[in-house]
Number of protein chains: 2
Amino acid sequence: MSGQRLRVTYDLTCSPGEDAAEKARRIAFEQTVELPDSCVQPDLADRIVGRVEQVGDLDGLRARAVISYPVEAVGNEFPQMLNLLFGNISLQRGIRISKVGWPASWLASQPGPRFGIDGLRRLCRCAGRRPLLCAALKPMGLSAGELARICGEFAAGGVDLVKDDHGLADQPAAPFRERVLRCQEAVERANRNRGGSTLYAPNLTGPADRIHERVKQLRDTGCRAALISPLLVGPDVVRSLADQSGLALLAHPALSGSYFHDDHGIAPEILLGQIFRIVGSDAVIYPNTGGRFPFTETTCQAINAALTGPLGTLRPTFPTPGGGIDVRRVPHWIDRYGNDVIFLVGGSLYAQPDLARAGSELVEAMGKAAG
Amino acid sequence: MSGQRLRVTYDLTCSPGEDAAEKARRIAFEQTVELPDSCVQPDLADRIVGRVEQVGDLDGLRARAVISYPVEAVGNEFPQMLNLLFGNISLQRGIRISKVGWPASWLASQPGPRFGIDGLRRLCRCAGRRPLLCAALKPMGLSAGELARICGEFAAGGVDLVKDDHGLADQPAAPFRERVLRCQEAVERANRNRGGSTLYAPNLTGPADRIHERVKQLRDTGCRAALISPLLVGPDVVRSLADQSGLALLAHPALSGSYFHDDHGIAPEILLGQIFRIVGSDAVIYPNTGGRFPFTETTCQAINAALTGPLGTLRPTFPTPGGGIDVRRVPHWIDRYGNDVIFLVGGSLYAQPDLARAGSELVEAMGKAAG
């Protein structure tokens, strides 16, 4: 990307009397030495404090500043990258990260997605060009047996992936262990019956001290994929799972909306697009425009571009729009987003009486629309 | 607290045409079954969907809704509690959590702080009534030897705690392992010389797959405390460390400001006060009012109350205001916040030529002001 420095673009909303250049300079100190410049020796300041590369007007209301940081301020570890990006300044107002140029050397040290788009297609044995269909297993409150029955129906319909709803954890109605065993069994049985290859992705989001035992259980049970919510478990937990679990990871955006304000936070295409990809998500679920959540189509397209465009040597991640995707509108979204997409369809499948049939008709429609 | 249901109070900002009661009802479905009510069997809806207990006007502009959830929707695990609180609805607009009534049974299953206020006082051998003084070790970019020298000076001055700056990770200038060894050695030497008991708290925030090896290193080196940023590593990682590491944990608020919007997010006293305490922070650092960050004194007092007030049987957590705390104003803050506080003083100590003397004068002044 842009050499050996981290380049961060901030959109700054200044309060009355606040000067954009001064605000940028303070960010450069706050995110590194956390001291007023009078307390930092000049040679150290040169070496480690962010360098304000550029400050200009953005749209008459906001300013845009670019600050570059030496990779030495990050080191090699992901949590400190996140901290350098937005740690302390999250607590100030009017600062939104709209673009990041990652240092090439740092990016090269991040393994990223283990499967990516091609790898996930191979796992689903869908090497063709059509989008994949992912169904969500719900609702919370059903027993493991009832969820397994639903799983089996989706698999019988040839749905490519069935993921746990991200709110299914280890509740008494459907405890993790029992749910995984029964759902995976139901999917495997349906796969054998129709020669299919539906993947079941249980929700791995759980206690830090039990995740590794659950990875082992998934692998022992034959699962090849899992759902995980990076902001619920910590994004670096996902990075380590991508590195070590051998599972394909579908990332869920739970909590991420906290960062998505017009005048503050981190742009969705940076957080869900680049950051979730860097920590190794093979697919990233995001709320599609027009559904229950307020993303615009421009934002969705920007996320797609960040997930699939060049990013060092990292594999591309599957964009997975969901949240109010209507069965009838899928051809429209293929037209907008292309074929390298997973459509996460929830409620509008459940609104139909026969889940297997609803799933198979939708997969067929997707194949046709993909041409 | 309030029986066996989780009671969440949401302050709702409605867009034109949006109805507060309908918005509350949607939240209750979104955070549990994630399906329209037409797709959920009535008995299941009764059992698992949130129950809107109350909706009323808050201040003419906003509404206030209380929704209660069955503890069965949470289960026993912290990440799902966080998800139920704000997972999906973070992606919607105009929803701010202003109060949480935790289910008594769930709270009883959370161990919380291992040391708490009394335990941390014992570790610092300051059983008296005065506030504690914590200095921050910085800036990033100094070598391990230079940081150790500063650590030693603070310890020579009798500062109670010296914590790594939260941006010190494993950068080449002062790698984690070397920094911990040298700083702890410098502190122990100074402690022996003056019969002191300064605690050094290295920054444990780091890669998920290396934290346990670092805990071991800290313990082998004789460290009894650590700094950690719950939102950089994942709050549940902190919970597991509180349970298993044996270290006193100082929590840093990095990234937390993303949640602190007037019309969206989670109130600081819930996130930094209750949630950080529930995951086991023995002290919680927050940006004091009047410094570089925009908290009001009311917010700071609310955080203090949440950290120290009744919360099941959890130990109280040390409020640790920092970020622009001026040496001269410490007596004022003792007057406002009382004695059970750790003052985190950074820049205004570094502005003085003799760190040991600056530290010892401040500890003395705090003792006097505490009466």
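Procedures and definitions
- Residues numbered from 1 in each chain as written.
- Chains lettered and ligands numbered in written order.
- Predicted model: local features only at pLDDT ≥ 70, side-chain atom pairs only at ≥ 80, totals over all residues.
- Heavy atoms only, no water.
- Least-squares fit on C-alpha atoms with pLDDT ≥ 70 in both.
- Contact = heavy atoms within 4.5 Å.
- Buried < 20%, exposed > 50% of the residue type's maximum accessible area, 1.4 Å probe, protein only.
- Helix = DSSP H or I, 4+ residues; strand = E, 2+ residues; numbered from the N terminus.
- Pairing = 2+ DSSP bridges.
- Axes fitted to C-alpha atoms, helices over the stretch in contact; angles between N-to-C directions.

What follows deals with the relation of the copies chain B and chain A. Mapping chain B onto chain A calls for a rotation angle of 180° and an axial translation of 0.0 Å; the resulting RMSD is 0.0 Å. The operation mapping one copy onto its partner corresponds to a two-fold rotation axis. When each C-alpha of chain B is compared by its distance to the rotation axis, Gly234(B) comes out closest, at 1.8 Å. Residue by residue, 100% of the interface of chain B is reproduced at the interface of chain A, so both copies engage with the same surface.

What follows covers the pairing of strand β4 (residues 95-101) of chain A. Sheet faces and side chains relate simply in a regular strand, where the side chains alternate between the two faces. Residues and elements named next belong to chain A. In terms of burial, β4 is largely enclosed, as six of its seven residues are buried. One ladder, built from six bridges, connects strand β1 (residues 5-13) with β4; its direction is antiparallel. Among the inter-strand pairings, Asp-11 is bridged to a residue of β4, identified as Arg-96. Pairing analysis gives two bridges linking β4 to strand β11 (residues 264-266), with the strands arranged parallel. Looking at β11, one finds that Ile-97 is bridged to Ile-266.

Residues and elements named next belong to chain B. Read across the sheet, six strands follow the order β2-β3-β1-β4-β11-β10 without closing on themselves; strand pairing throughout is mixed. In the strand order of this sheet, the two ends are held by β2 (51-57) and β10 (260-261), each with one partner. With respect to the sheet, helix α1 (residues 20-30) is in contact with β1 (5-13), β2, β3 (62-70) and β4 (95-101), its orientation differing from that of β3 by roughly 30°. Each of β1, β3, β4 and β11 (264-266) is contacted by helix α3 (residues 78-86), which is oriented at about 35° to β1, the strand it contacts most.

With that settled, the discussion passes to unusual backbone geometry. Here Lys138(A) and Pro139(A) are connected by a cis peptide whose omega angle stands at 0°. Position of Pro139(A) among the secondary structure elements: in the loop between β5 (132-137) and α6 (144-156). One non-glycine residue, Glu34(B), lies in positive phi territory at about 50°. Within the secondary structure layout, Glu34(B) lies in the loop between α1 and α2 (42-48). The exposure class of Glu34(B) is buried, given its relative accessible area of 9%. Positive phi, close to 45°, is recorded for Arg125(B), a residue that is not glycine. Secondary-structure assignment places Arg125(B) in the loop between α5 (116-123) and β5 (132-137).

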